[in-house]
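Here is how the chains run, residue by residue.
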Amino acid sequence: KTVGSNTTLAPGWYRNITVSGSGTTLTLTAPGVYNFNCITLSGGSVLTLSPVTQQVVINVTGTSCAGNTPIDLSGGSVANTSGVAANLLVNYAGSQQVKLSGGSSTYIVANVPNASAVLSGGSNLYGAIVANTINDSGGTSLHFDNALTTAPSNGTTTSSTFNSSYQTIGLR
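Residues numbered from 1 in each chain as written. Predicted model: local features only at pLDDT ≥ 70, side-chain atom pairs only at ≥ 80, totals over all residues. Heavy atoms only, no water.

Draft legend 1. Expanded view of the overall build of the chain. Scanning the chain from terminus to terminus reveals zero helices and 17 strands. With 172 residues in all, the chain has 46% of them scored as buried. In the chain, once contacts between residues fewer than 6 apart in sequence are set aside, the share between residues at least 24 apart is 40%. A total accessible area of about 7500 Å² is found for the chain, and carbon and sulfur atoms account for 48% of it. (Helix = DSSP H or I, 4+ residues; strand = E, 2+ residues; numbered from the N terminus. Buried < 20%, exposed > 50% of the residue type's maximum accessible area, 1.4 Å probe, protein only. Contact = heavy atoms within 4.5 Å. Areas by Shrake-Rupley, 256 points an atom, 1.4 Å probe, with all protein chains shown as cover.)

Here it is, written out as structure tokens:
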């Protein structure tokens, strides 16, 4: 499915999702679990959450993806304005390359332990990345969220729930 205009999705199972077009926004309703074969942001599109105080989990299978890239966020941006990385969890168990990009409100936990993660955008990415390898080809600053080392006490996560403190990690 190609999303070319602002769209809100409810939690559920979807196939390949491509969000395309400058300013085109795909909003994922929280709390919820989203299952995609592949997800791609292109042309300056935006992935966002609503409400931002609840967690969204994105599970990606990597089945039948264009360019063998199950997660490609490099052509757009992720807007998790909660400032809580744990509110956006992306899981992928396969070994194909994933592409992530930073931005002013990119708070994310990317759990892609068998994949190589390529960072682009030359901006900031807040949260954590678990990957086989990380290639910071775009000069993205990765800021680890120390609050991720403590489990939340309830289902609602806000900036005040966690005493988030971000530590900048240098990649070579």
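Draft legend 2. Local environment of the sheet that holds strand β5 (residues 25–29). Taken in spatial order, the four strands make up an open sheet running β2-β5-β8-β11, and their pairing is parallel. Taken across any chain shown, the strands that pair with only one partner, and hence form the sheet edges, are β2 (7–9) and β11 (76–79). Each neighbouring strand pair of the sheet contributes to a mean axis angle of 20°, computed without reference to strand direction. In this sheet, β11 lies alongside strand β8 (residues 45–50) in parallel orientation, the contact comprising four bridges. Pairing of Thr48 across the sheet is with Ala79, part of β11. (Pairing = 2+ DSSP bridges. Axes fitted to C-alpha atoms, helices over the stretch in contact; angles between N-to-C directions.)

Draft legend 3. Structural view of the pairing of strand β7 (residues 38–42). Examined bridge by bridge, strand β4 (residues 16–20) and β7 share five bridges and lie parallel to one another. Within β7, the position partnered with Ser20 by the bridge is Ser42. Two strands pair when backbone bridges link them, and β7 and strand β10 (residues 71–72) are joined in this way by two bridges, in the parallel orientation. When the bridges of β10 are listed, Thr40 appears paired with Asp72.

Draft legend 4. View of the nonpolar core. Of all hydrophobic cores here, the largest spans 33 residues; its most connected members are Leu28, Ile58 and Ile71. Take this core: its biggest share by element is six residues, from strand β14 (residues 107–120). The residues touching Ile58, leaving out its near neighbours within four places in the chain, are Leu28, Tyr34, Phe36, Leu47, Leu88, Leu89, Val90 and Asn91. (Core = buried A, V, L, I, M, F, W, Y, C linked by side-chain atoms within 4.5 Å.)

Draft legend 5. Up close: the environment of Gly83. Along the chain, Gly83 falls in the loop between β11 and β12 (88–92). Along the backbone, Gly83 and Thr106 are 23 residues apart, and their C-alpha atoms lie at a distance of 8.3 Å.

Draft legend 6. Seen up close, the environment of Ala128. Along the polypeptide, Ala128 turns up in strand β15 (residues 124–136). Note: C-alpha distance between Ala128 and Asn146 (18 residues apart in sequence) is 9.2 Å. In this structure, Ala128 is in contact with Ile108, Val109, Ala110, Phe144 and Leu148, ignoring residues within four places of it in sequence.

Draft legend 7. Inspection of the environment of Ser22 at higher detail. Within the secondary structure layout, Ser22 lies in the loop between β4 and β5. When sequence neighbours within four positions are dropped, the list of residues in contact with Ser22 reads Gly43 and Gly44.

Draft legend 8. Seen up close, unusual backbone geometry. A cis amide bond links Ala30 to the next residue, Pro31, at an omega of -5°. Tracing the sequence through the fold places Pro31 in the loop between β5 and β6 (32–36). Residues Ser50 and Pro51 are joined by a peptide bond in cis, for which omega reads -10°. You can see Pro51 is positioned in the loop between β8 and β9 (56–60).

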